[in-house]
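So the chains spell out like this:
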Amino acid sequence: MVYYLIALIVFLVDQGTKYLIATRLELGEQIPVVGNFFLITSHRNRGAAFGILQGQQWFFFLVTVVVVAGIVWYLNKIRHSRKMLSVALGLVLGGAIGNFLDRMISGEVVDFLLFNFGSYSFPIFNVADSCIVIGVGLILLDSFRDLKNGEEITEIKEVKEAKEVREGNE
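Residues numbered from 1 in each chain as written. Predicted model: local features only at pLDDT ≥ 70, side-chain atom pairs only at ≥ 80, totals over all residues. Heavy atoms only, no water.

Enquirer: Help me understand helix H4 (residues 127-148), please; the structure alone is not making it clear to me.
Expert: Residues spaced three or four apart along an α-helix point in a common direction, a consequence of the helix completing one turn every 3.6 residues. Compared with an ideal rise of 1.5 Å per residue, which puts 22 residues at 32 Å, H4 spans 31 Å between its outermost C-alpha atoms and is within 8% of the ideal. Turning to H4, its buried residues number three or more, namely Val127, Ala128, Cys131, Gly135, Asp142 and Asp146. Along H4, the residues classed as buried sweep out an arc of 95° about the axis, all on the same side. Residues Val133, Phe144, Leu147 and Lys148 are exposed on H4 and point more than 90 degrees away from its buried face. Where H4 is buried, its residues touch helix H1 (2-24), helix H3 (83-106) and strand E3 (109-117). A distance of 3.0 Å separates the backbone nitrogen of Ala128 from a side-chain oxygen at the start of H4, and that oxygen is part of Asn126. (Helix = DSSP H or I, 4+ residues; strand = E, 2+ residues; numbered from the N terminus. Expected span 1.5 Å × (residues − 1). Buried < 20%, exposed > 50% of the residue type's maximum accessible area, 1.4 Å probe, protein only. Arc of directions from axis to C-beta. Contact = heavy atoms within 4.5 Å. Polar contact = N/O pair within 3.5 Å; in protein donor to acceptor, adjacent residues only side chain to side chain.)

Here you go:
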């Protein structure tokens, strides 16, 4: 249940920050936080990460519904045994629902975090995007940790065990 609480907190912080940006800043307005390196800005994105797939709302709708359903199903399956993975899935779930709600209500996502590295500006993003990226990073870390510890995916281990039993009976 704590993993759904993580998702809820991510969702609420994401929606709260987007509301503040949308209601207090004009579109394109910027507030320097750390010089020209980090700025709060008001931007709208009708696409996915880095502005790809602009205007493909039905695609985002379908993908998000499938991803959220998959995360909920898998989270219920592993939540007692895989703590890091469960936290990661909670982060991804909250972020996915946050951006999904924006797309459903207004057809666009409010982005506002802008980082500049010299003349390069990283694509503007939001709290939901950050949590999704952190969650995916934790999923990868959890996977690498399993590989390092020599653990195998349960299904693969079960297939190997069944094969060994068959070979022992022959």
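Enquirer: Would you explain the pairing of E3 in this entry?
Expert: Residues in a regular strand project their side chains so that they alternate between the two faces of the sheet. The buried fraction of E3 amounts to seven of the nine residues, a majority that puts the element mostly inside the structure. Relative to E3, strand E2 (residues 38-45) is paired through six bridges, and the arrangement is antiparallel. Note on E3: the bridge partner recorded for Phe38 is Phe115. Looking at chain direction, E3 and strand E4 (residues 120-121) are connected through two bridges and run antiparallel. Of the residues in E4, the one forming a bridge with Phe117 is Tyr120. (Pairing = 2+ DSSP bridges.)

Enquirer: What should I look at first to understand the pattern of salt bridges in this one?
Expert: If charged atoms from side chains of opposite charge come close, those side chains can pair. A complete count under the given rule lists five salt bridges for this structure. The residue Arg82 makes a salt bridge to Asp142 at a minimum N-O spacing of 2.3 Å. With Arg82 in the loop between helix H2 (57-78) and H3 and Asp142 in helix H4, the pair connects residues that are 60 residues apart, well separated along the chain. Exposure remark for Asp142: the relative accessible area of 1% places this residue in the buried category. One salt bridge connects Arg145 with Asp142, and the closest N-O pair in it is separated by 2.9 Å. One end of the pair is Arg145 and the other is Asp142, both in helix H4 and three residues apart, which spans about a single turn. Among the ionic contacts, a cluster of salt bridges with common partners joins Asp14, Lys18 and Asp102. (Salt bridge = Lys/Arg side-chain N within 4 Å of Asp/Glu carboxyl O.)

Enquirer: Help me understand the sheet that holds E3 in this model?
Expert: Remark on secondary structure: sheet strands pair via backbone hydrogen bonds, oriented parallel or antiparallel. The four strands are arranged E1-E2-E3-E4 in an open sheet whose pairing can be described as antiparallel. Each of the sheet's edge strands pairs with one partner strand only, and the pair in question is strand E1 (30-34) and E4. Against the sheet, H1 contacts E2 and E3, and its axis sits at roughly 85° relative to E3. (Axes fitted to C-alpha atoms, helices over the stretch in contact; angles between N-to-C directions.)

Enquirer: Teacher, can you tell me more about the environment of Ser86 here?
Expert: Within the secondary structure layout, Ser86 lies in helix H3. Through-space distance from the C-alpha of Ser86 to that of Ile139 is 8.8 Å; in sequence the pair is 53 residues apart. For Ser86, the contacting residues outside a window of four places in its chain are Tyr3, Leu75, Ile78 and Arg79.

The values reported here are purely geometric and, on their own, carry no functional implication.
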